[in-house]
There are 2 protein chains.
Amino acid sequence: MASGSTPAETVDVRWHAHAVSRADRERAAGHKGCVLWFTGLSGCGKSTLANAVDRKLFERGCRTFVLDGDNVRLGLNAAPALLEPRHGAEFARRFGLGFGPQDREENIRRIGAVAELFAQAGTITLTAFISPYRRDRDAVRAMLPPGDFVEVYVKAPLEVCEGRDPKGLYKKARAGEIKGFTGIDDPYEEPLTPELVVDSSARPPDDLAADVIAWLERAGKIPPV
Amino acid sequence: MASGSTPAETVDVRWHAHAVSRADRERAAGHKGCVLWFTGLSGCGKSTLANAVDRKLFERGCRTFVLDGDNVRLGLNAAPALLEPRHGAEFARRFGLGFGPQDREENIRRIGAVAELFAQAGTITLTAFISPYRRDRDAVRAMLPPGDFVEVYVKAPLEVCEGRDPKGLYKKARAGEIKGFTGIDDPYEEPLTPELVVDSSARPPDDLAADVIAWLERAGKIPPV
C-alpha cells in the first residue's frame, strides 16, 4: 500500500474483506432467504397457514420468522397512542400508524423493508397481513431483489371468512362499529399473478402448508428432504 | 370441546399450539438472541467492530445480522427523496427520515424495534449507529425485554476519530458544509451505564471483538467454545 494510506483506509479495507455476505449466511442456513407474503381477507387463515408453514420449516431446521400484527403493532408500526407517552404528541401524530390510507401504505412498506432485512440474513420470513391493495404489495415486490418476494394468496369466499369471524371483526363492521373494513366497505384487490394460490375453504391448513413447502422446494429456496 | 365451538375457534387453538416460540428458535440456534448496540462518534470504529464481532460469531455458527446505515437508509428508514417517486410528496414528507430532531429519534426507534424482532428470532443483532442521544438509546432499552439490549460504547477521543475521518465528514463539518454533526456542532452523550466500553484508540478491532465475545460468553448469551 502507498505510504500515503492512513490507518482509517486500512481499517476500511479490512472491514469489507471480513463482512459476512448474504451468500455466507444462506450457506450456513442451508437454504435461501426469501419473503413468503401471505395475503387475503380477514379470517381467510393467513396467520394459521403462515404458522403451519413456519412449524414445518422449523422442524426441517430452517431459519424462519413470522411477522404479523402481534409483533409489529406494538413496536415498529405502533399506533400514535402507544408512541405518545415516550415520544410526545407531535411525534406520535407524524410517525404513529392508524388506519388512514397513508398509514396503511406505510404499514405495508415498513413490513416489506423489514422482511427484506430478514431475507438478507438468510431467513425465510413469513408475513401475515391482509394487505388488500395491489399497489402496496407490488411496491414491496419492486423494492425487493428479484425472486425474494413470494406472494401467496390465501383465497376463501367472503361468506366463509365472515362465518369464521375469529375476532368478531366482521360483526362489528356489519354493525358499522368499524369503518373501512376489507371485504365489507373497503375492497380486497386479488393478486393478479401471485406465486401461489391456496384455497383455505376447500382444504385444511396442513395440506395448504405442504403446498407452500413443495413450492419452496421446486423454486430451489429450500433443499428437498 | 363443546358442541358450540366453531371451526374458527378450533383453528385458533391449533395455531397457538403449533406456533414456534422464541425459546424454540434459540434452542435451534444454540444461543440467545440479543441486540449488541454499538454507539460512538463517527469514525470511532463502530461498523468495523460490529463486523469483526459478526465474523467471529458467524465462524462459531451463530445466527447474526448487522444493521447499519447501508441497509436501513435505502429501505426502512429511507429519506423523503427516496420515497417520493413511488409514494408521492406528501407521504414522503410525513414518513421519510431526514436529519431533524424528530427524524433522528424515529430513525433510532425503528432500528430498535427491528433489532428486537431479530432478537425474537434468536438472532444476535449488531447495530452500528452513532445514536448520540442518551434519551433515544434509553428508549430502545426500555422498549426491549430485560437483558436484550447490550450497549457497547466504542470510545475514542474526538481527535482520533477526526484524524481517521474515513468518509471526509469531519472535514465537511468543520467547513460548515454539514450542520449538526456529532462531536462538532452537536453533542455526543456518553452512555452512563453501558454493558461494555471498548477503547478503539488503544487496541485493534480484533482485540476489541474478542472482548465483546468474552462478554457474551460471561452473560450466557452464547456457549463457551
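Residues numbered from 1 in each chain as written. Chains lettered and ligands numbered in written order. Predicted model: local features only at pLDDT ≥ 70, side-chain atom pairs only at ≥ 80, totals over all residues. Heavy atoms only, no water.

Draft legend 1. Broad picture of the overall build of chain A. A count of helices and strands for chain A gives eleven helices and five strands. Overall, the C-alpha framework of chain A stretches about 75 × 50 × 30 Å when taken along its three principal axes. Restricting to contacts in chain A with at least 6 residues of sequence separation, those with at least 24 account for 73%. By element, 55% of the accessible surface of chain A is carried by carbon and sulfur atoms, the whole surface being about 9,800 Å². Positive and negative side-chain charges in chain A, numbering 31 and 32 respectively, have mean positions lying 2 Å apart. (Helix = DSSP H or I, 4+ residues; strand = E, 2+ residues; numbered from the N terminus. Contact = heavy atoms within 4.5 Å. Areas by Shrake-Rupley, 256 points an atom, 1.4 Å probe, with all protein chains shown as cover. Lys, Arg positive; Asp, Glu negative; His and termini not counted. Charge placed at Lys NZ, Arg CZ, Asp CG, Glu CD.)

Draft legend 2. Looking closely at the sheet that holds strand S1 (residues 34-39) of chain A. All names here are of chain A. Spatial ordering of the open sheet is given by S2-S3-S1-S4-S5, a layout of five strands whose pairing is parallel. Among the strands making up the open sheet, the edge pair consists of strand S2 (64-68) and strand S5 (196-199). Averaged over all pairs of adjacent strands, the angle between strand axes in this sheet comes to 20°, irrespective of strand direction. Of the strands in this sheet, S1 and strand S4 (149-155) are in contact with helix H8 (residues 134-143), which crosses S4 at around 155°. (Pairing = 2+ DSSP bridges. Axes fitted to C-alpha atoms, helices over the stretch in contact; angles between N-to-C directions.)

Draft legend 3. Representation of the interface of chain A and chain B within the structure. Contact residues are listed per partner, giving 54 residues for chain A and 54 residues for chain B. In total, about 5,300 Å² of surface goes out of reach between chain A and chain B, with carbon and sulfur atoms giving 58% of it. Taken together, the links from chain A to chain B amount to eight salt bridges. Note that Arg 110 of chain A is salt-bridged to Glu 106 of chain B, the shortest N-O span being 3.7 Å. Joining chain A to chain B, the criterion identifies 19 residue pairs in polar contact (both at pLDDT 80 or more). Broken down by element, the side of chain A that touches chain B gets its largest block of residues, eleven residues, from helix H7 (residues 101-120) of chain A. A class-by-class count of the residues in the side of chain A that touches chain B yields 25 nonpolar, eleven polar and 18 charged. (Buried area = accessible area lost by both parts, 1.4 Å probe. Salt bridge = Lys/Arg side-chain N within 4 Å of Asp/Glu carboxyl O. Polar contact = N/O pair within 3.5 Å; in protein donor to acceptor, adjacent residues only side chain to side chain. Nonpolar A, V, L, I, M, F, W, Y, C, P; charged D, E, K, R; others polar.)

Draft legend 4. Just the relation of the copies chain A and chain B, in detail. In the superposition of chain A on chain B (RMSD 0.0 Å, axial shift 0.0 Å), the rotation amounts to 180°. With respect to symmetry, the two chain copies, as superposed, fit the operation of a two-fold axis. (Least-squares fit on C-alpha atoms with pLDDT ≥ 70 in both.)

Draft legend 5. Inspection of unusual backbone geometry at higher detail. Residues other than glycine seldom take positive phi values, yet Ser 131 of chain A does so here, at roughly 40°. As for its position among the elements, Ser 131 of chain A is in the loop between strand S3 (124-128) and H8. By relative accessible area, Ser 131 of chain A is classed as buried at 3%. We note that Asp 165 of chain B has phi near 35°; this positive angle belongs to a residue other than glycine. Looking at the secondary structure, you find Asp 165 of chain B in the loop between helix H9 (158-164) and helix H10 (169-174). (Buried < 20%, exposed > 50% of the residue type's maximum accessible area, 1.4 Å probe, protein only.)

Draft legend 6. Seen up close, helix H2 (residues 22-29) of chain B. Of all the positions in H2 of chain B, only Asp 24, Arg 25, Glu 26 and Ala 29 of chain B are classed as buried. Just past H2 of chain B, the residue Gly 30 of chain B takes up positive phi, approximately 85°.

Draft legend 7. Here's a closer look at the sheet that holds strand S3 (residues 124-128) of chain B. Residues and elements named next belong to chain B. Pairing is parallel across the open sheet formed by five strands, whose spatial order is S2-S3-S1-S4-S5. Single-partner strands in this sheet number two, and they are strand S2 (64-68) and strand S5 (196-199). Going from strand to strand, the sheet's axes swing by 20° on average, the running direction of each strand aside. Against the sheet, helix H8 (residues 134-143) touches strand S1 (34-39) and strand S4 (149-155), its axis set at about 155° to S4.

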